[in-house]
Amino acid sequence: ALLSKYGGNLICTTACIFGRAQQLFLNNERASALSEISDLKKIFGEDFYLEIACHQLEDEVQVAEFFREVGKNMGIKVVPATDSHYLLPSDKVIHNIFKQLAYGTVGTDDDGFPGTGYHIWSPDEMKAAFSQEEVDNTLEIGEKCNVKFDFTGYHLPEFNRPDDRD
């Protein structure tokens, strides 16, 4: 209901593998997944995209196949994305250390992220993993965005303190 009310100027993708439609599909609830996708298509129209990823996870492969089929049948564009947690592939070592410290698993080699490719992908990596049409859809989304930042001065929120307390 909130998306229907306020979603008019938003671009929507189905997000990572833990998105609602993906989880419904992976839990063998295909009809519910299709219903979710249909509802989002009604709300966002041409600004709705089915998002796929490629981190060498079987669930992602299944969802990508499903989304490509659904996209073709329902006229919804598919857009690739990556789940990026660090800049370069070599940064995985540092990421592992931070994750181990956060979760108290120091001394293990596992960062808790199955699969590969959690860095920021280059255009060449994207083109190697996804179709040209899918990659072009990311450019389409970028062209739809109109964001302007004012970097002059400070733009801090105003906070009215009760009773003039500091």
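Given the structure is predicted, the values throughout are model-derived calculations rather than measurements.

Peer 1: Is there a simple way to think about the sheet that holds strand E3 (residues 77-80) in this case?
Peer 2: Each strand in a sheet pairs with its neighbour through backbone hydrogen bonds, running either in the same direction (parallel) or in the opposite one (antiparallel). Spatially, the 3 strands line up as an open sheet ordered E1-E2-E3, and their pairing is parallel. Two strands lie at the open edges of the sheet, namely strand E1 (12-13) and E3, each paired on one side alone. Along the sheet, helix H7 (residues 132-144) makes contact with E1, strand E2 (48-52) and E3, crossing E3 at roughly 95°.

Peer 1: Sorry, what's going on with the side chain of Gln 22 here?
Peer 2: Following the sequence through the fold, Gln 22 ends up in helix H2 (residues 20-26). A polar atom in the side chain of Gln 22 sits 2.7 Å from the backbone oxygen of Cys 16. With residues near it in sequence (within four places) discarded, Gln 22 still touches Thr 14, Ala 15, Cys 16, Ile 17, Glu 51, Val 63 and Phe 67.

Peer 1: Just checking my understanding: could you explain the layout of surface pockets for this structure?
Peer 2: Over the atoms rolls a probe the size of a water molecule, and its path tells where empty space is left. Here the largest pocket defines a volume of roughly 300 Å³. Around the largest pocket sit 18 residues that line it, and Ile 17, Phe 18, Leu 57, Asp 83 and Tyr 118 are the ones nearest its centre. Looking at the lining of the largest pocket, its residues break down into 9 nonpolar, 5 polar and 4 charged.

Peer 1: I'm lost on empty space enclosed by the protein in this one. Help?
Peer 2: Scanning the model with the defined rule gives 1 cavity of 30 Å³ or more in all. Looking at the largest cavity, its volume works out to about 60 Å³. Lining of the largest cavity is provided by Ala 15, Cys 16, Ile 17, Gln 22, Glu 51, Ile 52, Ala 53, Glu 60 and Val 63. Broken down by secondary-structure element, the contributors of at least two residues to the lining of the largest cavity are E2 and helix H4 (58-74). A breakdown of the residues in the lining of the largest cavity according to their chemical character gives 6 nonpolar, 1 polar and 2 charged.

Peer 1: Whenever I open this one, the packing of helix H3 (residues 30-44) against H4 confuses me. Can you help?
Peer 2: The description of two packed helices rests on the angle between their axes and on the distance between the axes. Running from N to C, H3 and H4 point in directions that differ by 50°, and their axes come no closer than 12 Å. If you check the angle between H3 and H4, you find them oblique. Here the hand of the crossing between H3 and H4 comes out right-handed. On the side of H3, the interface is formed by Arg 30, Ala 33, Leu 34, Ile 37, Ser 38 and Lys 41, while H4 contributes Phe 66, Phe 67, Glu 69, Val 70 and Met 74. Residues of the contact of H3 with H4, tallied by class, amount to 7 nonpolar, 1 polar and 3 charged.

Quick notes on the rules
- Residues numbered from 1 in each chain as written.
- Predicted model: local features only at pLDDT ≥ 70, side-chain atom pairs only at ≥ 80, totals over all residues.
- Heavy atoms only, no water.
- Pairing = 2+ DSSP bridges.
- Helix = DSSP H or I, 4+ residues; strand = E, 2+ residues; numbered from the N terminus.
- Contact = heavy atoms within 4.5 Å.
- Axes fitted to C-alpha atoms, helices over the stretch in contact; angles between N-to-C directions.
- Polar contact = N/O pair within 3.5 Å; in protein donor to acceptor, adjacent residues only side chain to side chain.
- 1 Å grid on protein atoms, 1.4 Å probe; cavity = no way out; pocket = protein on both sides within 12 Å on 5 of 7 lines; lining within 4 Å.
- Points joined across faces, edges and corners; volume = space filled by probe spheres on them.
- Nonpolar A, V, L, I, M, F, W, Y, C, P; charged D, E, K, R; others polar.
- Parallel < 35°, antiparallel > 145°, perpendicular 65-115°, else oblique.
- Left-handed = near helix turned anticlockwise from the far one by under 90°.

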